Protein chains: 2
Amino acid sequence: MKFLEDIRIGDIDALGSHVFTAEGIKSFATRFDPQLFHTDDDAAARSSFGALCASGWHTVSQWMRCLVDHRRLADEAQRARGEPVAKNGPSPGIRDLKWLKPVYAGDTIAFASEVVETRDLPHRPGWGLVTMRNTGTNQHGDLVLSFTGSEFIERHPQD
Amino acid sequence: MKFLEDIRIGDIDALGSHVFTAEGIKSFATRFDPQLFHTDDDAAARSSFGALCASGWHTVSQWMRCLVDHRRLADEAQRARGEPVAKNGPSPGIRDLKWLKPVYAGDTIAFASEVVETRDLPHRPGWGLVTMRNTGTNQHGDLVLSFTGSEFIERHPQD
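Please read all numbers here as calculations on a predicted model, not as lab measurements.

A.B. asks: Where do I start with the overall build of chain A in this structure?
C.D. replies: Per the secondary structure count, chain A includes four helices and five strands. Mapped from its N terminus to its C terminus, chain A presents α and β elements in the order β-α-α-α-α-β-β-β-β. Based on the C-alpha atoms only, the size of chain A along its principal axes is roughly 60 × 35 × 30 Å. Residues counted as buried form 31% of the 159 residues belonging to chain A. Put simply, 69% of the contacts in chain A that link residues at least 6 apart link residues at least 24 apart.

A.B. asks: What should I look at first to understand the interface of chain B and chain A in this one?
C.D. replies: Where interface size is given, it is often the accessible area lost as the parts come together that is meant. Each side of the interface is counted separately: chain B has 17 residues, and chain A has 17 residues. For the side of chain B that touches chain A, the secondary-structure elements that each account for two or more residues are helix H4 (56-80) and strand E2 (93-99) of chain B. In terms of residue count, the dominant contributor to the side of chain B that touches chain A is H4 of chain B (seven residues). Grouping the amino acids of the side of chain B that touches chain A by side-chain chemistry returns eight nonpolar, four polar and five charged. Pairing of strand E2 (residues 93-99) of chain A with E2 of chain B involves two bridges; the strand directions are antiparallel.

A.B. asks: When you look at the sheet that holds strand E4 (residues 127-137) of chain B in this model, what are you seeing that I'm missing?
C.D. replies: As a general point, the strands of a sheet are linked pairwise by backbone hydrogen bonds and lie either parallel or antiparallel. Pairing is antiparallel across the open sheet formed by ten strands, whose spatial order is E1(A)-E3(A)-E4(A)-E5(A)-E2(A)-E2(B)-E5(B)-E4(B)-E3(B)-E1(B). Where the open sheet ends on each side, the last strands, each with one partner, are strand E1 (12-19) of chain A together with strand E1 (12-19) of chain B. Averaged over neighbouring strand pairs, the angle between their axes works out to 20° when direction is ignored. Of the strands in this sheet, E1, E2, strand E3 (108-120), strand E4 (127-137) and strand E5 (143-154) of chain A are in contact with helix H4 (residues 56-80) of chain A, which crosses E1 of chain A at around 125°. Against the sheet, H4 of chain B contacts E1, E2, strand E3 (108-120), E4 and strand E5 (143-154) of chain B, and its axis sits at roughly 125° relative to E1 of chain B.

A.B. asks: What's the story with the pairing of E4 of chain A in this structure? I'm lost.
C.D. replies: Look at any regular strand and the pattern is simple: side chains alternate between the two faces of the sheet. Residues and elements named next belong to chain A. Pairing geometry for E3 and E4, over ten bridges, is antiparallel. Bridge pairing in E4 places Ala110 opposite Thr137. Bridging between E4 and E5 involves eleven bridges; their strand directions are antiparallel. Counted as the bridge partner of Leu129 is Phe152 from E5. Taking the residues between adjacent antiparallel strands as the criterion, E4 and E5 are bridged by five residues, where Gly141 takes a positive phi near 85°.

A.B. asks: Would you mind going over the nonpolar core with me for this structure?
C.D. replies: Nonpolar side chains tend to gather and get buried jointly when the protein is soluble and globular. Grouped together as the largest cluster of nonpolar side chains are 50 residues, with contacts concentrated most on Val60 of chain A together with Val60 of chain B. In contact with Val60 of chain B, not counting residues within four places along its chain, are Trp57 of chain A together with Leu97 and Leu145 of chain B.

A.B. asks: Help me understand helix H1 (residues 22-32) of chain A in this model?
C.D. replies: Given 3.6 residues per helical turn, the α-helix brings residues three or four places apart onto the same face. Residues and elements named next belong to chain A. Within the sequence span of H1, burial applies to Ile25, Phe28, Ala29 and Phe32. In a view along the axis of H1, the buried residues occupy a sector of 95°, so they form one face of it. Exposed and facing more than 90 degrees away from the buried side of H1 are Glu23 and Thr30.

A.B. asks: Please clarify how the pairing of E2 of chain B should be interpreted in this entry.
C.D. replies: Sheet topology places E2 of chain B next to E5 of chain B; five bridges connect them, and they run antiparallel. Paired with Arg95 of chain B across the bridge in E5 of chain B is Thr148 of chain B.

A.B. asks: Just checking my understanding: could you explain the environment of Asp107 of chain A for this structure?
C.D. replies: Structurally, Asp107 of chain A can be placed in the loop between E2 and E3. Those residues in contact with Asp107 of chain A, other than ones at most four positions away along the chain, are Phe20, Asn138 and Gln139 of chain A.

A.B. asks: How do you make sense of unusual backbone geometry when you look at a structure like this?
C.D. replies: Of all residues except glycine, most have a negative phi; of all peptide bonds, most are trans. Positive phi outside glycine occurs at Asp96 of chain A, with the angle close to 55°. With 14 C-beta atoms packed within 10 Å, Asp96 of chain A lands in the partly exposed category.

A.B. asks: Would you explain the relation of the copies chain B and chain A in this entry?
C.D. replies: Between the two copies of this chain, the relationship is a rotation about some axis together with a displacement along it. Laying chain B over chain A is done by rotating through 180° and shifting 0.0 Å along the axis; what remains is an RMSD of 0.0 Å. Expressed as a symmetry operation, the mapping of one chain copy onto the other fits a two-fold axis. For chain B, the residue whose C-alpha comes nearest the rotation axis is Arg95 of chain B, separated from it by 2.5 Å.

A.B. asks: Before we go on, may I ask you to explain the packing of H4 of chain A against H4 of chain B in this structure?
C.D. replies: Relative placement of two packed helices is described by the angle separating their axes and the distance separating the axes. The contact between H4 of chain A and H4 of chain B brings their axes to 10 Å, and the two run at 175°. It follows that H4 of chain A is roughly antiparallel to H4 of chain B by the angle criterion. Contact with H4 of chain A, carried on its side by Trp57, Val60, Ser61 and Met64 of chain A, involves Trp57, Val60, Ser61 and Met64 of chain B of H4 of chain B and no other residues of that element. When its residues are assigned to classes, the contact of H4 of chain A with H4 of chain B shows six nonpolar, two polar and no charged.

How each quantity is defined
Residues numbered from 1 in each chain as written. Chains lettered and ligands numbered in written order. Predicted model: local features only at pLDDT ≥ 70, side-chain atom pairs only at ≥ 80, totals over all residues. Helix = DSSP H or I, 4+ residues; strand = E, 2+ residues; numbered from the N terminus. Buried ≥ 20, exposed ≤ 12 C-beta atoms within 10 Å, placed from the backbone. Contact = placed C-beta atoms within 7 Å. Nonpolar A, V, L, I, M, F, W, Y, C, P; charged D, E, K, R; others polar. Pairing = 2+ DSSP bridges. Axes fitted to C-alpha atoms, helices over the stretch in contact; angles between N-to-C directions. Core = buried A, V, L, I, M, F, W, Y, C linked by C-beta atoms within 7 Å. Arc of directions from axis to C-beta. Least-squares fit on C-alpha atoms with pLDDT ≥ 70 in both. Parallel < 35°, antiparallel > 145°, perpendicular 65-115°, else oblique.

Okay, here's the thing in structure tokens:
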């Protein structure tokens, strides 16, 4: 994690990508979203989606996994260079979560996070609020997922 | 599913509840949100949460599971009474998703959905848009999850 002062509006982090397999789609959906177009190939083929597709909650949970993995690697690289690593606080929330196109079995979704606002918090010394627009894009270049999230990010200790 | 005309602002569906076990919290987090306060009891005890707690994406995915189960039972009851069942379309999205308090291992979360708006869609005959405020509440009566979602709901075929 970067400190607040090192984060700029327009910064984009590519968070990596994930291939949604039929097996992964079904195992998520069996536990959390057992609608037939997420769990059964034949029923999905007859549905308005036309083929097995991922639960929207699966897609966004996979975004989270890519974010956590990306940050872990970034933190390790910062520590390896002897740089301090900023802390972050729990997210105050998510706005405007949209599933714009279905994610089908076999699709590769690339996730990204773009900084759209940084804000000082006069009532919370040592911290700022960073707002990001998060996206998932499939192998055809179609946006499949979009949402805005904020989180508290530590300021440089010396400031 | 009820048809659009049978849905009233203020209608509340109790969607059932779920006990978040340590095992369930860890299995979700290992796959989708492997931060130590979601995967490791000792590290969680030392974190600002103070104990193992569920990923926010796990909490909201469990809401989805309760919704799907609730609707399946409601549809079966409607069919058993010989009543037709309305179709619904994909959700255009989610607004203002907030995780208001941590969900700890052992917590029982009751999920509910309240109709806050119903709207005709002049450009989409046969369908309306229903907006719901969705919540999760723990065994102490604390709100832990809140978000607003919309979905397309079929009108009565005879209208």
